[in-house]
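# Structural characterization, general
Below are the chains, spelled out letter by letter.
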Amino acid sequence: MADLLRICALYPDVMNIYADRGNLLVLERRAGWRGIEVVITPAGFGDRVDPDAHDLFYLGGGQDRDQVLCAKDLVETKRDALHAAADRGALVLGICGGFQLLGHVYELGDDEIPGLGLVDLKTVREDGPRLIGNVAIEVELDGPSGRPRVLAGFENHGGRTHLGTGEQPLGRVLKGHGNDGRSGSEGVRRDGVIGTYLHGPLLPKNTWFADWLISRATGVELAPLDDRLEDAAHASARRAAGVSAVGSPN
Ligand code: GLN
């Protein structure tokens, strides 16, 4: 247990669509308010990462062309370290374009954008409209013993993501398109490796999930905060998706 949260922000300038950097700010503030020191280390093109030096590796969303740029560097200079980090139980969180790059490949027309292969999935840019809109999913992060919770956000992706047969989604789609608009699955979770299409950014609208990440990354049991504003933001995101909370804010 350590009152220190070490985050590695992968390509923070490039992979930052829909203000995904807001996720880092929420982690920083909510950990800081609990007396946990937060160190955020950016890792850009050509930078090597130390798998043991960070508790959470974060990769935000990006346009196709930004993903192409990052994918090559990611695979060439960071792939092995990220596998080692995931193997020792570090958290790896990928949002939208970042989620797609956690898998094997993103097929974009004639191009095959390589991914990290941390999870068994592939993404295909199929014919058809982009999958856009407000989205809500139900997740059970602590297994059947934990109560199901809702994550709400916004999705906008042309890629359709298909999970391998042994892979579990992060959640079940309540409203919205999810991974491919058909399966009812959203995101992926294998131990500490988590991917989701939810932007908005994700964590300001779902601070309970930010706390879950902080707690899991640090081992610190977090004291509750005055979350009236945050609960209102969550409720608003749920209303936008058409999944209002009944009885409880979450
Ligand atoms: N470029 C990817 C797609 O459109 C991801 C976009 C994003 O991160 N919002 O599928």
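### Focus: the site of the ligand
The environment of the ligand is formed by 16 residues, the closest being Asp64, Gln67, Cys96, Arg130 and Gly159. Gln100 is positioned such that a nitrogen or oxygen atom in its side chain is 3.0 Å from an oxygen atom of the ligand. Within the side chain of Arg130, one N or O atom sits 2.8 Å away from an oxygen atom of the ligand. Protein contact buries 98% of the 300 Å² of open area that the ligand shows by itself. At the level of secondary structure, the elements contributing two or more residues to the shell around the ligand comprise helix H2 (64-87), helix H3 (97-100) and strand E9 (149-157). For the shell around the ligand, the residue count by class is three nonpolar, eleven polar and two charged.

### Quick look at the sheet that holds E9
Spatially, the four strands line up as an open sheet ordered E9-E8-E11-E12, and their pairing is antiparallel. Whereas interior strands pair on both sides, the edge strands pair on one side only; in this sheet they are E9 and strand E12 (185-186). Sheet topology note: the strand E8 (residues 131-139)/strand E11 (residues 171-175) ladder contains three bridges and is antiparallel. Counted as the bridge partner of Ala136 is Lys175 from E11.

### What to know about the nonpolar core
Ranked by size, the top nonpolar core spans 64 residues in total, and within it Leu10, Phe57, Leu151, Phe209 and Leu213 carry the most contacts. For Leu10, the contacting residues outside a window of four places in its chain are Met15, Ala43, Val49, Phe57, Tyr58, Leu59, Lys78 and Leu82.

### With respect to the environment of Leu151
By the element assignment, Leu151 lies in strand E9. Sequence-wise, Leu151 and His234 are 83 residues apart; in three dimensions their C-alpha atoms are separated by 8.3 Å. Discounting chain neighbours no more than four positions away, the residues touching Leu151 are Val135, Ala136, Ile137, Val139, Leu170, Leu198, Leu202, Asn206, Trp208 and Phe209.

### Brief notes about the sheet that holds strand E3 (residues 56-59)
Strands in a sheet are paired, the pairing made by backbone hydrogen bonds, and the direction either parallel or antiparallel. Strand order across the open sheet formed by six strands is E2-E1-E3-E4-E14-E13, with mixed pairing between neighbours. The open sheet is flanked by strand E2 (37-43) and strand E13 (188-190), the only strands paired with a single partner. Here the strands of the sheet are splayed against their neighbours by 15 degrees on average, with no regard to which way each runs. Where E3 and strand E4 (residues 91-95) come together, four bridges link them in parallel fashion. Within the sheet, the bridge partner assigned to Leu59 lies in E4 and is Gly94. The strands touched by helix H1 (residues 22-32) are strand E1 (4-10), E2, E3 and E4; relative to E2, the strand with the most contacts, the crossing angle is about 160 degrees. Across the sheet, H2 is in contact with E1, E2, E3, E4 and strand E14 (193-196); its angle to E3 comes to roughly 140 degrees.

### Digging into the pairing of E8
Summarising the sheet, E8 and E9 pair through nine bridges and their orientation is antiparallel. The residue of E9 that forms the bridge with Val135 is Gly153.

### Quick word on the packing of aromatic side chains
By the definition in use, this model includes five aromatic pairs. Taken together through their ring pairs, the aromatic side chains of Trp208, Phe209 and Trp212 make up a single cluster.

### So, empty space enclosed by the protein
Tallying each qualifying case throughout the model produces one cavity of 30 Å³ or more. In this structure, the largest cavity spans a volume of roughly 40 Å³. Lining the largest cavity, in full, are Ala9, Leu10, Pro12, Met15, Asn16, Arg21, Leu24, Tyr58, Leu59 and Gly60. Looking at the lining of the largest cavity, the elements with two or more residues in it are E1 and E3.

### Observations concerning the side chain of Arg30
Locating Arg30 in the fold gives a position in helix H1. Taking relative accessible area as the criterion, Arg30 reaches 2% and is therefore assigned buried. A polar atom in the side chain of Arg30 sits 2.8 Å from the side chain of Asp211. The residues contacting Arg30, other than those within four sequence positions of it, are Thr207, Ala210, Asp211, Ile214, Leu225, Asp227 and Glu230.

Criteria and thresholds
Residues numbered from 1 in each chain as written. Predicted model: local features only at pLDDT ≥ 70, side-chain atom pairs only at ≥ 80, totals over all residues. Heavy atoms only, no water. Near = heavy atom within 4 Å. Polar contact = N/O pair within 3.5 Å; in protein donor to acceptor, adjacent residues only side chain to side chain. Areas by Shrake-Rupley, 256 points an atom, 1.4 Å probe, with all protein chains shown as cover. Helix = DSSP H or I, 4+ residues; strand = E, 2+ residues; numbered from the N terminus. Nonpolar A, V, L, I, M, F, W, Y, C, P; charged D, E, K, R; others polar. Pairing = 2+ DSSP bridges. Core = buried A, V, L, I, M, F, W, Y, C linked by side-chain atoms within 4.5 Å. Buried < 20%, exposed > 50% of the residue type's maximum accessible area, 1.4 Å probe, protein only. Contact = heavy atoms within 4.5 Å. Axes fitted to C-alpha atoms, helices over the stretch in contact; angles between N-to-C directions. Phe/Tyr/Trp six-rings, centres within 6.5 Å; stacked < 30°, edge-to-face > 60°. 1 Å grid on protein atoms, 1.4 Å probe; cavity = no way out; pocket = protein on both sides within 12 Å on 5 of 7 lines; lining within 4 Å. Points joined across faces, edges and corners; volume = space filled by probe spheres on them.

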